[in-house]
Each structure stands twice: as structure tokens, then as C-alpha cells.
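Spelled out from the first residue to the last, the chains are:
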Amino acid sequence: MNVTICQSCGMPLTTPTQFGTEADGSATREYCIYCYKEGMFQQLNITLEGMIEMCTAILIEEGMDEESARAMLRNQLPFLKRWSASNPKGNNNTHSVQPVRYVTLPGKRLAGISARTTNSIEMSGQGCIQDLWSRYFTSEHIPAPEAPRYGCYTDYTDGIHGEYTILVGHEVAADETLPAGMNSIELPPATYAVFTSRKGPMAEVVGEAWGAVWGWSHQNERTFTGDFELYDERSMDPAQVQVDIYIAVKQARPTTE
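Overview of the structure. (Residues numbered from 1 in each chain as written. Predicted model: local features only at pLDDT ≥ 70, side-chain atom pairs only at ≥ 80, totals over all residues. Heavy atoms only, no water.)

### Focus on the state of the cysteines
Counting across every chain of the model gives zero disulfides. In this model Cys9 remains outside any disulfide bridge; the closest cysteine sulfur is found in Cys6, 3.7 Å from its own. (Disulfide = S-S within 2.5 Å.)

In C-alpha cells, the structure reads:
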């Protein structure tokens, strides 16, 4: 599935009418029609900060609270092509906007608590993911604190645009019996592009790392068979978290983990 977002404002591009146009009238999937038309940016002299403010106002009109909107845009926009090309160090982050490596992993079974949601719901401030993490850590059926934790995204209906299942949990054996109230998902063997966050407060670095994923120029490589955040020993201190995000991709790569 070829899913992309505008590399100027971050708007998901789902229909041809949203695509920007080149000088000859041909469509481009890099930018939306509101940002780029007839081969030119429509807000020619706007800065990154100006784009953040403009998009914040739009998201507020659509029902998102101001704090969440501005935080999301500050995490996402600096990684998009328009801004990373002209200001590659503007966000002062130390993690790469490209995958740090590709790995091929066997299938795995994850168990925990799950829910169905969408990116638009999560971005509106009415999402469920934060609550899932809270509920998971208050459960009596979790492993030792040093065991790796996963935030897994699967069962997508339309890539980044539709519903998906989010499961917060840990890895279990294929034949392990689960306690009541705990669900499981089976991730197939897959090749992943791995993005690694900088070290810092969890609320900041996870969003920044996803900003790198959304701004990645190879969205058409994604398979949406199951993606996950990995929280290991580098995530023990909430103020100095480092997380890896594994994005399932099409290409076979020689590197394994």
C-alpha cells in the first residue's frame, strides 16, 4: 500500500484531488495542493515555525486541543522533506530521519491489552494508547521490570489513515496460556526498517521518532503487517528513554538481528 503525507504540512494524501501540481500540471505525491501548486510553494516565504502555527490553527478548528496539536507538529514537521532539506539541524535532535538499520526477524507472539483506534483519534486527544499503557503496568500479569515491552500496531484497515489495533505488552511463547483479560497477536516473520530515538523524556522522544517515520521518503516500502515500538533496558529511566521503532517493509535485506 502506497501511503504518503505532504512533505510540507504533514497532511495525509489519500485522494488525487489532494495532490499538488508541477508547473506542467502533472500531479506530485510529495506535497498537497494547499502547499504546492503549479510547481511553486503557496506559502513561499513561510518558516517552519510559521507552518507549525498555521497547521496548529487548522487542527484546533478540527477539534484538537492546542497543546496536543502543537506538540504533534513540532515532533513531525522538522523531519519532512521541505524542512529537513533547508534546515537539517533545526530541531536539534540527534536521531536519524532515516532508518539506522534494516533487520529480518522471525515471527513473534505478543501478549497484553489492546484496543482499536485511528491516528486521527489519537491526535485529537481522545485516544486510548496512554490509558492502555497505564492499565498494562497496573496489571498483576506482567513480567519483571527489566523485560522488554512492546507497543505493537497491527490489523491496519487503510495504512496510516484507517483503524488499527494497538497492543501494549510483552513477548510470550507460542503455546503459553494467557490469563483472563489479556489478548495476544501473532507478528509474521518480516524485514523491518528500524528508527532509533534520541535519549530523553518518553513523551518527547517517542513522538519525535514517529515524526521521523512519517517524514521518511520511502513510505511505499511499508507493508503494514505489524509495526512495533521496543522498550528495553534503555527505557528504565522515564527521563532518559531511548526507543526503537520497527517498521515492516517489503524489501529483503541481508542484515539480521
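### Quick look at the side chain of Thr118
With respect to the helices and strands, the residue Thr118 is situated in the loop between strand E8 (108-117) and helix H4 (119-123). Apart from the residues within four sequence positions on either side, Thr118 is in contact with Gly162, Glu163 and Tyr164. (Helix = DSSP H or I, 4+ residues; strand = E, 2+ residues; numbered from the N terminus. Contact = heavy atoms within 4.5 Å.)

### A few points about the pattern of salt bridges
Counted according to the given criterion, the structure contains twelve salt bridges. Between Asp232 and Arg234 there is a salt bridge, with its nearest N and O atoms 2.9 Å apart. Residue Asp232 is classed as buried on the basis of its relative accessible area of 13%. For Arg234, the salt bridge identified is with Asp244, shortest N-O distance 2.7 Å. On the criterion of sequence distance, the pair formed by Arg234 in the loop between strand E13 (227-231) and strand E14 (244-249) and Asp244 in strand E14 is long-range, its members being ten residues apart. The class of Asp244 is buried, set by a relative accessible area of 5%. Residues joined by salt bridges that share partners form a network here, namely Arg101, Asp232, Arg234 and Asp244. (Salt bridge = Lys/Arg side-chain N within 4 Å of Asp/Glu carboxyl O. Buried < 20%, exposed > 50% of the residue type's maximum accessible area, 1.4 Å probe, protein only.)

### Examining the pairing of strand E9 (residues 149-154)
Burial within E9 is extensive, with six of its six residues counted as buried. In the sheet, E9 pairs with E13 via five bridges, with the strands oriented antiparallel. Bridge assignment links Arg149 to a residue of E13, and that residue is Tyr231. Across five bridges, E9 lies against strand E10 (residues 164-172) in antiparallel orientation. Of the residues in E10, the one forming a bridge with Cys152 is Leu167. (Pairing = 2+ DSSP bridges.)

### Points about the environment of Val168
Examined against the element boundaries, Val168 turns out to sit in strand E10. A residue is classified by how much of its surface remains accessible, and Val168, at 0% relative accessible area, is buried. Sequence separation of Val168 and Tyr153 is 15 residues, and the distance between their C-alpha atoms is 9.1 Å.

### Concerning the sheet that holds strand E12 (residues 190-196)
If you trace the eight strands from one edge of the open sheet to the other, you get E7-E12-E14-E13-E9-E10-E8-E11, paired in antiparallel fashion. Of all the strands in the sheet, the pair left with one neighbour each is strand E7 (101-105) and strand E11 (183-187). Taking the axes of each pair of neighbouring strands and ignoring which way they run, one obtains an average angle of 35 degrees across the sheet. Those strands touched by helix H6 (residues 202-215) are E9, E12, E13 and E14, and its axis lies near 25 degrees from that of E14. (Axes fitted to C-alpha atoms, helices over the stretch in contact; angles between N-to-C directions.)

### A closer look at the pairing of E14
Looking along a regular strand, one sees the side chains alternate between the two faces of the sheet. In terms of burial, E14 is largely enclosed, as six of its six residues are buried. Taking every second residue as pointing to the same face, both faces of E14 are buried, with Asp244, Tyr246 and Ala248 on one and Ile245, Ile247 and Val249 on the other. Where E12 lies against E14, six bridges are found, and the strand directions are antiparallel. Directly across from Ala193, in E14, lies its bridge partner Ile247. Relative to E14, E13 runs antiparallel, the two sharing three bridges. Within E14, the residue paired with Phe228 across the bridge is Tyr246.

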